[in-house]
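Residues per chain, in single letters:
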Amino acid sequence: MASAELLDLCRRAVARAKSLGADEAEAFARAVDSVSSTIEKHDLQISKSQKETAIGVRAFVGRRVGFASTNRIDGLDAACKEAVALARISPEDPSNVLPEPADVESIDGLFDPAASEFSATSAVRHAAELIEETERTDRRVIVNDATFDATVEDEAVASSAGVAAFQRGSLFLYSLVATARDGDRVSSFDIQFGATRRVADIDVATPVRKACENALSSLDAERGESFRGAVLLAPAAVSDILVGTVLFQLNARNSLRGRSRWTSGVGKSVASSSFTLVDDGVLPGGVATSAFDREGVPHRPLSLIEEGRVVAMLQNAYSAHASGTANTAHASGGAHSVPGIAPTNLLVLPGECSSDEMVTDMRFGLLVQRFSGNVDPISGDFSGAVKAARLIQGGKLGRSVSGTMIAGNAFEVLRNISGISSNRELIYAQTLPFIRLEDVSVTA
Amino acid sequence: MQTLLEGIAARGGGWIELRYQARRAKQLVVRNGQVEESSSAELVGVGVRAFADGAFGFASTTDLTRAGIERSVEIARSTAAAAAAAKRTRIERLADVDLARGEVPLPTSDPLDAHSLEEKLGLVTRIDDLVRSSSALVVSSEVSYAEMIDEKVIVTSDGASVVVHDSKPAIRILAIAGRDGKRTRALESLGVTGGWADLLSVKSPEDAAVAAVRLAVDLLDAPPAPGGPFQVILDPELVGVLAHEAIGHTVEADFVLGGAVTADKLDKRVASDLVTLCDNGTSVYAPHAVGELAVDDEGVPNRRTAIIENGFLRAYLHNRETAAHFGVVPRGNARAYTYRDEPVIRMTNTYVEPGETPLQEMLGTMKDGYFLKGFGPSGQADSNAEFMFGVREAWRVRNGKRTELVRGATISGNAFDTLMSVDAVGDEFEWEHGAGFCGNKGQLAKVDGGGPYLRCTVNVGGEQEGGRGQR
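What counts, and where the lines are drawn
Residues numbered from 1 in each chain as written. Chains lettered and ligands numbered in written order. Predicted model: local features only at pLDDT ≥ 70, side-chain atom pairs only at ≥ 80, totals over all residues. Helix = DSSP H or I, 4+ residues; strand = E, 2+ residues; numbered from the N terminus. Rg over C-alpha atoms; globule rule 2.2 N^0.38 Å. Buried ≥ 20, exposed ≤ 12 C-beta atoms within 10 Å, placed from the backbone. Contact = placed C-beta atoms within 7 Å. Pairing = 2+ DSSP bridges. Domains from an automatic or database assignment. Core = buried A, V, L, I, M, F, W, Y, C linked by C-beta atoms within 7 Å. Nonpolar A, V, L, I, M, F, W, Y, C, P; charged D, E, K, R; others polar. Expected span 1.5 Å × (residues − 1). pLDDT = per-residue confidence, 0-100.

J.: Let's hear about the overall build of chain A: which residues, and what values?
T.: On a plain count of helices and strands, chain A comes out with nine helices and 23 strands. The C-alpha radius of gyration computed for chain A amounts to 24 Å, which stays within 12% of the reference 22 Å derived for 444 residues, consistent with globular compactness. If one aligns the C-alpha atoms of chain A with their principal axes, the spans along those axes are about 70 × 55 × 35 Å. Taking all 444 residues of chain A together, 62% fall into the buried category. Put simply, of all contacts in chain A between residues at least 6 apart along the chain, 71% involve residues at least 24 apart.

Dropping the structure here:
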């Protein structure tokens, strides 16, 4: 379904909901055309093709709201009725509001016309490349699972408040889970992925080489050492341990729910002055780049934490109204879900030293590539096993370690950041550096 | 729909599997006394899997006309051909098995549709009120209800033709306590296969709400868990999580073929002889397990699989492809989450069978260890059976007595080493009855885990006090 037809479908849904008794209404639709190939046990497993159009309708009766979705266009009328019926049984909430319309500017590079010609055979070819590149890198590494997905996606949103927006995007996502096996020795698995919006920029080799490197390094892992001290987190571990907690706290909905420690929000000092975090929904080529959010509000770059101090929270229409602040266009979700709050492309600004220089500067510590464990975003407590970890001794990377756990509190370690690298890596939609933390508990 | 699919499957042209699925889902969420979500979703379509030249192709459609489904059959066949061209090891055949025919009825005498949304919202609102009124230290509450009602028609060109009805409701109760800027949380879940009365029969939502508040409040004063190797008692929920996450995934036959640590362990000792661990789509020992499954999405009737019998690894979990490879009969473990998904090897209800030791006897003979209850907030297990799980409620045990509550405990180790260390298996049995899903191979699945209390040795993760390298 073309974008303009999709927008028309949304407008019809809004009109139908109003004719059924809704005072206000909003419809969000998404049409997906995708092909994918899956690898299991180092061989192609299945090739898939999918087409689906789904639409979700929010009906407002006064300040009561109900939501219903369907993937059957002939089920739209029933969905509108269901949304209105659900609104009628729900209690009033003064913050159930729709955003006002605003000009949405289209974003260059969101859609690659070459994606329209991308076939199931093309997806199979790139999936096969994942295996071939792994074998070229090291034959001890096995691709346990991998997927190559190519998606063309149309999105449209319309509301009785006057919002009307649509866009088309293409996205190529590829990921692999790899382990190394050498005789009786089996490594931990490693997960890597890549993403691009352009056919010409598909690069499966980079994540494959990184997965091989990490899997092989853990093959020779030995028991680690227990200490309390410095830990250097690689970007994937930064994402695992710190980013989730920070985002939970910056989510205005969590603040309204009384779950965020940063309820007082803007102006609060929460991290070392070297830590600056930006959200950019219009980042050129970004995985999470789009012209507008789930409610049709245009995206724009936004600083969240500047030099350790909170400068903005993530807001959608509900939270902005409830907290009396500006909507930051972070309504998230799809046709089958009510709008939530989520970031778009996240960037931690780089420091001055490279990660290699940071290692050189460490007398003793641990480099952690990946973290597998608990992170409680409310208390900030984290505890779990480190993966593909190496000891740092006398400014040099030492042996790989296994069976080692780290524990601490994210709020405390954010204040104890002692270094941020100049080099960064893309972890899905997050551009993250290496971060050195102090006073972390390490148990072997 | 069954007649239409049977007609399309009978047209020849090679093996195909046609799966119609109509899912109706509802979700009600109340947070801090406010209804944050009242929503319903409908997901209807047909998934077609074709097998040609030793490879699978898959296509899905929402066009439920004969022409629309036949077009998807052609796309599935052409994608199978594309896959076959790149596949290194062709699949020789699918395992022969008696395929299901007939109808699997709704697993309840009290259907969810017989209860109004007002009644369900009333319960959720009442429980949310209870959470907030149970302690002045509760700073946030969240109670949600979710239901998933499925109707499937599964037809294969080699003989399956079955209509399957399913119904899985669940309630989640979250309490967050706070004091002096400190926040702690506790989550209780109730999930079943069945209807409204079945959901309310496994555990009282009111009791669950009070338990969540008590734990969240008590954790405010709990000291950090001391780390190190300890003898522990795992409760049935943690036993189920261990059975599912740390053992179950390593015996999924596709993982085995991909190099999982179990690849060369069949018929070898992997656990204490006290341990028998099974996967079973039928709720044994206690009713309404979340992972109930009568017929899988390949049309294969589900049967009990004894994965570990008296300490010896005896079986893997299969779909028809891997069963043919290993020369065994599939027992119904191929599952697809929606019509858009192809069936993949998944667990159902995974559990340790009960033994003979009363809990008090286990506890009474422990000198210094932990009594561990419940899973959360998260965890992970590896294909080499290494695991790390968060523990919801960790109690120190000293000289046979449960003493103080500690916070932030995790358990980790190698699952088979852990099972080898088992020296007592309890005489009670419970399902976890969780509200969540297992995510694997890009799909979700409703599963359950359970077992008796079990005593073993694991590495407890907690705080490390000083040591080398302190700076």
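That was the structure; now back to the text.
J.: Any chance you could break down the sheet that holds strand β14 (residues 349-352) of chain B for me, citing the residues and the numbers?
T.: Residue and element names in this part refer to chain B. Spatial ordering of the open sheet is given by β11-β10-β9-β14-β23-β20, a layout of six strands whose pairing is mixed. Every interior strand has two partners, whereas the edge strands, β11 (312-313) and β20 (430-431), have only one. Looking at chain direction, β14 and strand β23 (residues 448-451) are connected through three bridges and run parallel. Bridge pairing links N349 to D448 in β23.

J.: Give me the lowdown on the pairing of strand β9 (residues 227-233) of chain A, citing residues and values where you can.
T.: All names here are of chain A. Counting buried positions along β9 yields seven of seven residues, so the element is predominantly enclosed. Sheet analysis places β9 next to strand β16 (residues 364-368), joined by four bridges and oriented parallel. Looking at β16, one finds that A230 is bridged to G365.

J.: Explain the domain arrangement of chain A to me, using residue names and the numbers behind them.
T.: All names here are of chain A. Once the domains are mapped, chain A shows domain 1 (3-217) and domain 2 (221-444). The gap between the C-alpha centroids of domain 1 and domain 2 is 24 Å. At the junction of the two partners, domain 1 supplies 35 residues and domain 2 supplies 29 residues. Within the residue set of the side of domain 1 that touches domain 2, elements represented by two or more residues are β1 (24-40), β2 (43-61), β3 (64-70), β4 (141-159), β5 (164-182), β7 (190-196) and α4 (205-219). Tallying contributions element by element places β2 first for the side of domain 1 that touches domain 2, with four residues.

J.: A description of the nonpolar core should follow, citing residues and the corresponding values.
T.: The biggest cluster of nonpolar side chains holds 293 residues, and the ones touching the most others in it are C10(A), V57(A), V368(A) and A212(B). Considering each element in turn, this core owes the most residues, 10 residues, to helix α5 (residues 235-250) of chain A.

J.: Go over the interface of chain B and chain A with me, naming the residues and quoting the values.
T.: Each partner contributes to the interface: chain B provides 72 residues, whereas chain A provides 68 residues. Residue contributions to the side of chain B that touches chain A peak at 11 residues, all from strand β2 (residues 34-52) of chain B. The class makeup of the residues in the side of chain B that touches chain A is 20 nonpolar, 35 polar and 17 charged. With four bridges joining them, β3(A) and β2(B) adopt parallel strand pairing. Paired with S69(A) across the two strands is A41(B), which belongs to β2(B).

J.: I'd love a proper account of helix α3 (residues 120-137) of chain A, names of residues and values included.
T.: The end-to-end C-alpha distance of α3(A), which contains 18 residues, comes to 26 Å, matching closely the 26 Å that a straight helix rising 1.5 Å per residue would cover. A120(A), S122(A), A123(A), V124(A), A127(A), A128(A), L130(A), I131(A) and T134(A) are the residues of α3(A) that are buried. Buried-residue contacts for α3(A) involve β1, β2, β4, β5 and α4 of chain A together with α2 (66-86) of chain B.

J.: Which residues make up the domain arrangement of chain B, and what values do they have?
T.: All names here are of chain B. Assigned domains of chain B: these are domain 1 (2-220) and domain 2 (228-461). Of the residues lining the interface, 46 residues belong to domain 1; the matching set on domain 2 comes to 32 residues. Every element with two or more residues in the side of domain 1 that touches domain 2 is listed here: β1 (15-31), β2, β3 (55-61), β5 (138-156), β6 (161-179), β7 (182-191), α4 (196-202) and α5 (205-220). Along the lines of polarity and charge, the residues of the side of domain 1 that touches domain 2 split into 26 nonpolar, nine polar and 11 charged.

J.: Lay out the environment of R66(B) in plain terms, naming residues and giving numbers.
T.: Residues and elements named next belong to chain B. Within the secondary structure, R66 sits in helix α2. Given 12 C-beta atoms within a 10 Å radius, R66 is considered exposed. Counting along the chain gives 61 residues from R66 to L5, while the straight-line C-alpha distance between them is 8.4 Å. Setting aside anything within four residues of it in sequence, one finds R66 in contact with L4 and I8.

J.: Tell me what's going on with unusual backbone geometry, and back it up with residues and numbers.
T.: Residue and element names in this part refer to chain A. One non-glycine residue, K41, adopts positive backbone phi at about 40 degrees. Within the secondary structure layout, K41 lies in the loop between β1 and β2. Of the residues examined, K41 has 19 C-beta atoms within 10 Å and is grouped as partly exposed.

J.: Please give an account of the environment of G169(A) that cites residues and values.
T.: Residue and element names in this part refer to chain A. The residue G169 is located in strand β5 in this model. Sequence separation between G169 and P113 is 56 residues; the distance between their C-alpha atoms is 9.5 Å. Discounting residues that sit within four places of it in the chain, G169 has contacts with L110, F111, E153, R197 and S290.

J.: Requested: an account of the environment of A95(B), with residues and values cited.
T.: In this fold, A95(B) is placed in the loop between α2 and β4 (101-104). Residues A95(B) and V328(B) lie 233 residues apart in sequence; the distance between their C-alpha atoms is 7.7 Å.

J.: Break down the confidence of the model for chain B for me, citing the residues and quoting the values.
T.: Residues and elements named next belong to chain B. Overall, the prediction assigns chain B a mean pLDDT of 93, with 98% of residues at 70 or greater. Long-range and interchain partners of residues 464-471, a stretch whose pLDDT sits below 50, account for 21 contacts in this model, where long-range means more than four residues apart. Of the two predicted TM-score estimates for the complex, the pTM is 0.89 and the ipTM is 0.86.

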